[in-house]
Every structure is written in structure tokens, then in C-alpha cells.
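Close look at the chain arrangement
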Amino acid sequence: MLIATGRMFRSALPYAQAAGIEDPLVCYQGAAVVEPATGEFLLHEPIPLELAREAIAAVQAEGFGLNCYVDDELYVAELTENALAYGEFQHIPITEVGDLLGWLERPPTKLVVIGAPEALDGLEERMKARLDGRL
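Let us look at the structure shown here. In this numbering scheme, every chain counts its residues from 1 along its sequence in written order. It should be noted that, the model being predicted, local features are given only for residues of pLDDT at least 70 and side-chain atom pairs only at 80 or more, the latter also being counted only at that level, while totals for whole chains, interfaces and linings use all residues. In computing side-chain properties, one takes all heavy atoms of the structure into account and sets aside hydrogens as well as water.

It is worth spelling out helix α1 (residues 9-19) at this point. For α1, the set of buried residues is F9, S11, A12, L13 and A16. Note on contacts: a residue pair qualifies if any of its non-hydrogen atoms lie within 4.5 Å across the two residues. Each helix is a run of H or I in the DSSP string that is no shorter than four residues. Each strand is a run of E no shorter than two, and both are numbered from the N terminus. Those residues of α1 that are buried lie in contact with β1 (25-27), β2 (32-34) and α3 (81-90). Residue G20 follows α1 closely and has a positive phi angle near 75 degrees. Only protein chains enter the calculation, and the probe is 1.4 Å; a residue is then buried if its accessible area is under 20% of its type maximum, exposed if over 50%, and partly exposed in between.

Let's shift gears to the sheet that holds strand β6 (residues 94-96). With mixed pairing, four strands are arranged side by side in an open sheet as β6-β5-β4-β7. Edge positions in the sheet fall to β6 and β7 (110-112), since each has one partner strand and no second. Strand-to-strand twist in this sheet, taken as the mean axis angle between neighbours without regard to direction, amounts to 30 degrees. The pairing criterion for strands is at least two bridges between them, as found by DSSP. Note that strand β5 (residues 73-76) and β6 share three bridges and pair parallel. Note on β6: the bridge partner recorded for V76 is E96. All axes are obtained by fitting lines to C-alpha atoms, using only the stretch in contact for helices, and the reported angles, taken between N-to-C directions, cover 0 to 180 degrees. The strands touched by α3 within the sheet are β4 (67-70), β5 and β6, with β6 carrying the most contacts at an inclination of about 155 degrees.

This brings us to the pairing of β5. Sheet analysis places β4 next to β5, joined by three bridges and oriented antiparallel. Considered in β5, the bridge of Y69 is made with L74. The turn joining β4 and β5, which pair antiparallel and follow one another in sequence, is formed by two residues; a positive phi near 55 degrees is taken by D71. A crossover counts as right-handed when, viewed with the strands pointing away from the observer, the path leading from the first strand over the helix to the second turns clockwise. Considered for its hand, the β-α-β crossover made up of β5, α3 and β6 is right-handed.

Time to look at the nonpolar core. Counting residues in each nonpolar core, the largest one holds 21 residues, and the members touching the most others are F9, L25, C27, Y28, Y69 and L74. Only α1, β1, β2, β5 and α3 provide two or more residues apiece to this core. When residues of this core are assigned to their parent elements, the largest contribution, four residues, is made by α1. Residues in contact with Y28, not counting those within four places in the same chain, are T5, G6, R7, M8, F9, Y69, D72, T109 and K110. Put simply, buried Ala, Val, Leu, Ile, Met, Phe, Trp, Tyr and Cys residues joined by side-chain atoms within 4.5 Å make one nonpolar core.

Fair warning: the whole summary comes from geometry, so function is off the table for now.
And the structure:
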């Protein structure tokens, strides 16, 4: 049996353990394949650092915050209501880092914007156009 999910490894692991799955987990929309017994990343395709910084700057310029996943940890610029709700729902800790662009030194595995669907639909279209399919 195989689990493939968009979630981070640490939030998928309890489900795999409960189901008795010992095979590697496909996480982060396929950007990571992780050995559940050891947490070793067998495959990891993070977002190139400069592209991630460009995307973060563009999203922040639109007035949105985002979740930044690095080394299977969740980081945010500030602990907003949306960030706290997400962390509580996923049962994962969130680390507030302040200036996310200034803090980011390693390529993230995933970037996620949390918000109202109608606002995110417009943001998605603008980001696709701005980043020209690179992300």
C-alpha cells in the first residue's frame, strides 16, 4: 500500500503508522519521497531558492502571507489566524520567523498561501502569469 499526498511528511506519518504502512511516503505533491521508519528523504525536489524568493516576494506584494516548508518544518512570517488554524488542524508546530525573505537561506520544498477561495483564485491566475509556469 502506498500513501501519496500533498501534505508534509510529519503530518502524513501518523496516518501511515495507523494503517501499518511501512513503504516510503510520497509527500509534498511528489516533491519528496520519505522513508517512514527513519524520516530519510529518498527523493527531494525543492523549489530553487531564487525562484522561491521571487514567488514569496510576489505573494507578499499582493498582501498575502504564506506557509514555507523547509526540512519538513513549517515557517511563516507571522502567526496569523489562518496559520494558527492550519497548524492546529494538522497537529504541527509552526515557527514564526519575521521577514521570511530575509530568513530563507535553503530551498523550500513547498510554498502555500492560505485564504478565502475567491481571493486565492485571482491570486493563482496572477502568479501563474507573473511566474510564467516556472513554479
